[in-house]
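Structural overview
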Amino acid sequence: MMHQTIKRDGVETIGDPYLCLEGMNKKYGLVEVISNLNLAVRKGELIALLGPSGCGKTTTLRMIAGLIAPTAGRITVGGRDVTQIAPHGRDMGLVFQSYALFPHMTVAKNVAFGLEMRGLSRADIANKVAKALGMVQLEHLAERKPRELSGGQQQRVALARALVIEPSILLLDEPLSNLDAKLRDEMRTQIRDIQQQLGITTVFVTHDQVEALSMCDRIVVMKGGLIEQVGTPHEIYERPATPFVASFVGRTNRVKGKRTADGCIRIGSSMIRSARPAVQDDVMVMVRPHRIHIDWNAASTEQQGETANRMAAVLSRITFVGDVIQYHFDVGGSEFIVEESTKKSQVSRDQGDKAVLSWSVEDTLVFGADQ
Ligand SMILES: Nc1ncnc2c1ncn2[C@@H]1O[C@H](COP(=O)(O)OP(=O)(O)O)[C@@H](O)[C@H]1O
Ligand SMILES: [Mg+2]
């Protein structure tokens, strides 16, 4: 499902918006932790709020849920203004990092809780609980207590409990952060599958770029209570709007450069080109480590092409990271890291080895030095 995304006055406008945040603001005393946040989420979309600790992800999610009152702004769901509606009236399911299960209740009772609160019949409740537990593949553990389950199983109970009320929006706050790496991978897939099966509009808070890139339709990158960029994982990774986004999502080399009269960029004694023109005289050039090719046998940096940048480099260090090998180069006083997949037939290299690094103009990101 592709929609047109148009930027107008810095506000994202999309086709078919479902959950809309307009002019959201949150102050604690004099401290503004969310500043004029505007966001539109489509029906059925899985959107990530991604950013470092303290950037305002949880605050935003809790304002959507109605657990925190905004200082200013408006929240609508399907055109209905819910800003003043209490949490239980908003029809949203919530999952927290800490599973927040009732320890004395069985799995089935935990999942049934929200339905009992809503006064459904026993038969209806049994039916819906079985369906929700089936969705997270926990039918066989319905009579266990939370302490008799692993962390991953407990988190799946929390997910079933959020889904059983058939909410129109699912809100997840770092649901995988307490799980070990392997389980996190499995849960990512499971959450994405369930989300797509149900077609449920979902906001997923995470500080983990891999989680955001691998699971979500779009990513909202936040920093200091502001949105830095909204885009698909591909857009965020390939066309980061700011140096912060480029560094936070994926690894990148950074090196200072100067714009020249003919629109090139000078780094040390080398001249390179970028896809977009430099907007300032002092620039920061960024290149992804795995987008750089190493030519160990090049005699010179001649044959500067229209599409490739080339720079002479000296190897300063090698780091072996299992499936990847990182070569650290000195490039006119700056460090450049190049990553290659390891091969059995790897030729060993030594500190001081000379090489020519090349990468496409397309892969050369350029920002103002003070951005
Ligand atoms: N109740 C509160 N009182 C004062 N400051 C708060 C309160 N809750 C959160 N903050 C501050 O708001 C900012 C955003 O917090 P939060 O939304 O929890 O960030 P994140 O979830 O991205 O880590 C932080 O600087 C945090 O210290
Ligand atoms: Mg948080």
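First, a word on scope: everything that follows refers to the structure included in this document. (Residues numbered from 1 in each chain as written. Chains lettered and ligands numbered in written order. Predicted model: local features only at pLDDT ≥ 70, side-chain atom pairs only at ≥ 80, totals over all residues. Heavy atoms only, no water.)

A few points about the overall build of the protein chain
Just so we agree on the cut-off: Per the convention used, a helix needs a DSSP run of H or I reaching at least four residues, while a strand needs a run of E reaching at least two, with both numbered from the N terminus. A simple rule labels every residue: compare its accessible area, found with a 1.4 Å probe on the protein chains alone, to the largest value its type can have, and call it buried under 20%, exposed over 50%, or partly exposed in between. By definition, residues are in contact when any of their heavy atoms lie within 4.5 Å. Here the accessible surface of atoms and residues is derived via Shrake-Rupley with a 1.4 Å probe, and residues count as covered only by protein chains that are part of the display. Charge convention: Lys and Arg are scored as positive, Asp and Glu as negative, and His as well as the terminal groups of each chain are ignored. Charge positions are represented by NZ for Lys, CZ for Arg, CG for Asp and CD for Glu.
A count of helical and extended segments in the protein chain gives eight helices and 22 strands. Principal axes of the C-alpha set define a box for the protein chain whose edges measure 80 × 50 × 40 Å. The burial tally for the protein chain puts 48% of its 371 residues in the buried class. Residue pairs at least 24 apart in sequence account for 66% of intrachain contacts in the protein chain once pairs closer than 6 positions are excluded. Total accessible area computed for the protein chain in this model is approximately 18300 Å², and 50% of it derives from carbon and sulfur atoms. Here the protein chain contributes 44 positively and 42 negatively charged side chains, and the mean placements of these two sets differ by 4 Å.

Focus: the site of ligand 1
Our working definition: Being near a molecule or strand, for a residue, means having at least one of its heavy atoms within 4 Å of it. Polar contacts here mean pairs of N or O atoms no more than 3.5 Å apart (in protein, one a potential hydrogen donor and the other a potential acceptor; neighbouring residues in sequence count only if both atoms are side-chain atoms). Classification used: nonpolar for Ala, Val, Leu, Ile, Met, Phe, Trp, Tyr, Cys and Pro, charged for Asp, Glu, Lys and Arg, polar for all others including Gly.
Surveying the vicinity of ligand 1 reveals the residues Y28, V33, P52, S53, G54, C55, G56, K57, T58 and T59. A distance of 2.7 Å is found between an oxygen atom of ligand 1 and a backbone nitrogen or oxygen belonging to G54. Side-chain polar atom of T59 to an oxygen atom of ligand 1: 2.5 Å apart, as the coordinates give it. Burial of ligand 1 by the protein amounts to 56% of the accessible area it has alone, namely 570 Å². By residue number, the principal contributor to the shell around ligand 1 is helix α1 (residues 57–65), which donates three residues. When its residues are assigned to classes, the shell around ligand 1 shows four nonpolar, five polar and one charged.

Side note on the layout of surface pockets
Here is the rule we go by: A pocket, in this scheme, is an open set of points on a 1 Å grid over the protein atoms alone with protein on both sides within 12 Å along at least 5 of 7 lines, while a cavity is a set where a 1.4 Å probe fits but cannot get out; residues line either one if an atom lies within 4 Å of a point. Grid points are joined across faces, edges and corners, and a volume is the space filled by probe spheres set on the points.
Volume-wise, the largest pocket comes out at about 560 Å³. If you trace the largest pocket, you find 19 residues lining it, with M92, L94, G114, R118 and I165 closest to the centre. If you list the elements that add at least two residues to the lining of the largest pocket, you get β8 (92–95), α2 (107–117) and α4 (151–163). When the residues that make up the lining of the largest pocket are grouped by side-chain class, the tally is 13 nonpolar, three polar and three charged.

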